[in-house]
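As a plain string of letters, each chain reads:
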Amino acid sequence: MSDQQSATPDYTMGFSEEMLESLRRYTAEASAAYLLPYLRPGLRVLDFGCGPGTISVGLANAVAPGELYGVDMEESQIELARSVALASGQDNVIFRVGDVADLQFEDGFFDVAHCHNVLMHIPDTAAVLAEVKRVLKPGGIIGCREMICGSCFTYPDFGVIRQAWDMFEDLLAADDGHPQMGRELKTHFHEAGFTNVHMTSSIDVYSAPADVDFIHGFANTWFLSPEITEAAIKYGAATEALIDAIRDAYDSWRVHPGAWCGLAFGEAVAGKP
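Sequence order sets the numbering: in each chain, residues are counted from 1 along the sequence as written. Side-chain atom pairs in this predicted model are given and counted only at pLDDT of 80 or more, local residue features only at pLDDT of at least 70, and totals for whole chains, interfaces and linings cover all residues. Hydrogens and waters are ignored; side-chain quantities use all the structure's heavy atoms.

A. Layout of the packing of helix α6 (residues 161-174) against helix α10 (residues 240-254). Only the stretch in contact is used when a helix axis is fitted, and all axes are lines through C-alpha atoms; the angle between N-to-C directions ranges over 0 to 180 degrees. The helix and strand labels rest on DSSP assignments: H or I over at least four residues marks a helix, E over at least two residues marks a strand, and numbering proceeds from the N terminus. Direction vectors running N to C along α6 and α10 enclose 125°, while the axes themselves pass 9 Å from each other. Comparing their axes, α10 and α6 come out oblique. Between α6 and α10 lies a crossing of left-handed hand. Residues Ile-161, Gln-163, Ala-164 and Met-167 of α6 pack against Leu-242, Ile-243, Ile-246, Ala-249, Tyr-250 and Trp-253 of α10. Across the contact of α6 with α10, the residue classes tally to nine nonpolar, one polar and no charged. Convention used here: angles under 35 degrees read as roughly parallel, angles over 145 as roughly antiparallel, angles from 65 to 115 as roughly perpendicular, and any remaining angle as oblique. By convention, the crossing between two helices is left-handed when the near helix turns anticlockwise from the far helix through less than a right angle, and right-handed when the turn is clockwise. Between two residues, a contact is recorded if the distance between any of their heavy atoms is within 4.5 Å. Nonpolar residues are Ala, Val, Leu, Ile, Met, Phe, Trp, Tyr, Cys and Pro. Charged residues are Asp, Glu, Lys and Arg, and all others, Gly as well, are polar.

This is how it looks when you write it as structure tokens:
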């Protein structure tokens, strides 16, 4: 598939150091707990949109001596993933640069396919799920965990931080993404021909002082960066006055004794007939 036809255009979130730090916080135990009971030694796993590989190595450990193949469109992420695997001593992982809508694997190659916060960024959900289904064996399973942006929260809100979430949703939608993908997974899986869809949900909680500092820093250095705010203003998702109000609200939130944040996710596991 050529770049002009790709169903997976540029990643909305970018690859700033702040974004990478947020991705590194994800692990199989924390972010794929819903899928781990389905894994066993000897299975072959596809981690599509694997990013820096922090979830991948945990999944690989669960299926060792089986193999995990991680695919991501961004070469820098694949290089990071290889470093993560090397540092963890996980030698049953193979990382490749590739398009998840045009996977370079034969039909029925995998027992399990996994992704985390990938489908929400892909305009053509059906194309990607059809390709993943192709490379799964009959009886194989797919497991996906995706954000439900409308259910995420920051407390206290100071009357304005919810608008930061709205701004993020608008930006994602402007790039043909799906801000509520986590609650849409069951429908997409059924439409793709998967069966026995099992839905769960979970919330990643940021409440400890270090977590609050992380969210505050992330908001200021990534979300409120000129690159993001200029795009938001361009798309009509924000104004300069709103950006200033959000920045002030996050400063107040950081020092509030009740400060905490929750990221909501939908999780789906389904089978290929």
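Back to the write-up after that little detour.
B. The arrangement of the packing of aromatic side chains in detail. In this analysis, rings of Phe, Tyr and Trp, with Trp reduced to its six-membered ring, are considered paired at centre separations within 6.5 Å, and the interplanar angle assigns stacked below 30 degrees, edge-to-face beyond 60, and tilted for intermediate values. Taken as a whole and judged by the stated rule, the model has 13 aromatic pairs. Between the aromatic rings of Tyr-250 and Trp-253, the centroid separation amounts to 6.1 Å while the plane-to-plane angle is 85°, which identifies the pairing as edge-to-face. On the criterion of helical spacing, the pair formed by Tyr-250 and Trp-253 is a turn pair, its members being three residues apart in helix α10. Sitting over the face of the ring of Phe-109, Arg-44 holds its NZ or CZ atom 4.0 Å from the ring centroid. The ring of Phe-265 has Arg-145 sitting right over it, with the charged end atom 3.8 Å from the ring centre. Geometrically, a charge over a ring is one whose NZ (Lys) or CZ (Arg) sits within 6 Å of the ring centre while staying within 35 degrees of the ring normal.

C. Layout of the pattern of salt bridges. By definition, a salt bridge exists where a carboxyl oxygen of Asp or Glu is found within 4 Å of a side-chain nitrogen of Lys or Arg. Considering all chains together, one arrives at ten salt bridges under this definition. Among the salt bridges present, the one from Arg-134 reaches Asp-107, with a minimum N-O distance of 2.6 Å. With a gap of 27 residues between them, Arg-134 in helix α5 (residues 125-135) and Asp-107 in the loop between β3 (93-97) and β4 (110-116) connect regions that are remote in the sequence. Across the pair Arg-162 and Glu-169 runs a salt bridge, and its minimum N-O distance is 2.9 Å. A relative accessible area of 24% places Arg-162 in the partly exposed class. One connected set of salt bridges, linked through shared partners, spans Asp-107, Glu-131 and Arg-134. Each residue is placed in one exposure class: buried if its accessible area under a 1.4 Å probe, protein chains only, is under 20% of its type's maximum, exposed if it is over 50%, and partly exposed if it falls in between.

D. Region of interest: the side chain of Asp-47. As for its position among the elements, Asp-47 is in strand β1 (residues 45-48). The side chain of Asp-47 is buried and forms no salt bridge, while Arg-145, the nearest opposite charge, is found at 12 Å. Here a polar contact means two N or O atoms within 3.5 Å. Within protein one must be a hydrogen donor candidate and the other an acceptor candidate, and residues neighboring in sequence count only if both atoms are side-chain atoms. Polar contacts involving the side chain of Asp-47 include one to the side chain of Ser-56, which spans 2.5 Å. Those residues in contact with Asp-47 that lie beyond four places of it in its chain are Ser-56, Leu-59, Leu-68, Tyr-69, Gly-70, Val-71, His-114 and Cys-115. The charge count treats Lys and Arg as positive and Asp and Glu as negative. His and the chain ends do not count.

E. Fine view of the side chain of Thr-54. Along the chain, Thr-54 falls in the loop between β1 and α3 (56-63). Residue Thr-54 is classed as buried on the basis of its relative accessible area of 15%. Within the local environment of Thr-54, its side chain forms a polar contact with the backbone oxygen of Tyr-26, the two atoms lying 2.6 Å apart.

F. A look at unusual backbone geometry. A cis amide bond links Ala-64 with the next residue in sequence, Pro-65, at an omega value of 10°. Within the element layout of this structure, Pro-65 appears in the loop between α3 and β2 (68-72). Look at Asn-117: it is not a glycine, yet its phi comes out positive at around 55°. Locating Asn-117 in the fold gives a position in the loop between β4 and α5.

G. Structural detail: the pairing of strand β5 (residues 136-147). In terms of burial, β5 is largely enclosed, as nine of its twelve residues are buried. At least two DSSP bridges between two strands are required for those strands to pair. As judged from the six bridges shared by β4 and β5, these two strands associate in the parallel manner. By the bridge assignment, His-114 is partnered in β5 with Gly-143. Once the chain exits β4 it traverses α5 before rejoining the sheet at β5, and the crossover so formed is right-handed. The handedness rule is simple: strands pointing away from the viewer, and a clockwise path from the first strand over the helix to the second, make the crossover right-handed.

H. Seen up close, helix α8 (residues 209-223). In this analysis, the expected span of each helix is defined as 1.5 Å times one less than the number of residues it contains. The end-to-end C-alpha distance of α8, which contains 15 residues, comes to 20 Å, matching closely the 21 Å that a straight helix rising 1.5 Å per residue would cover. Taken residue by residue, α8 has Asp-211, Val-212, Phe-214, Ile-215, His-216, Phe-218, Ala-219, Trp-222 and Phe-223 as its buried positions.

I. Focus on the pairing of β4. Burial runs high along β4: seven of the seven residues are buried. Sheet topology note: the β1/β4 ladder contains three bridges and is parallel. Bridge pairing links Asp-47 to His-114 in β4.

J. Region of the structure containing α6. With 14 residues, α6 ought to run about 20 Å at 1.5 Å a step, and its terminal C-alpha atoms sit 20 Å apart, in line with that. In this structure, the buried residues of α6 make contact with β5, β6 (153-155), α8, α9 (226-234), α10 and β8 (260-271). Asp-176 sits one or two positions beyond α6 and adopts a positive phi of about 65°.

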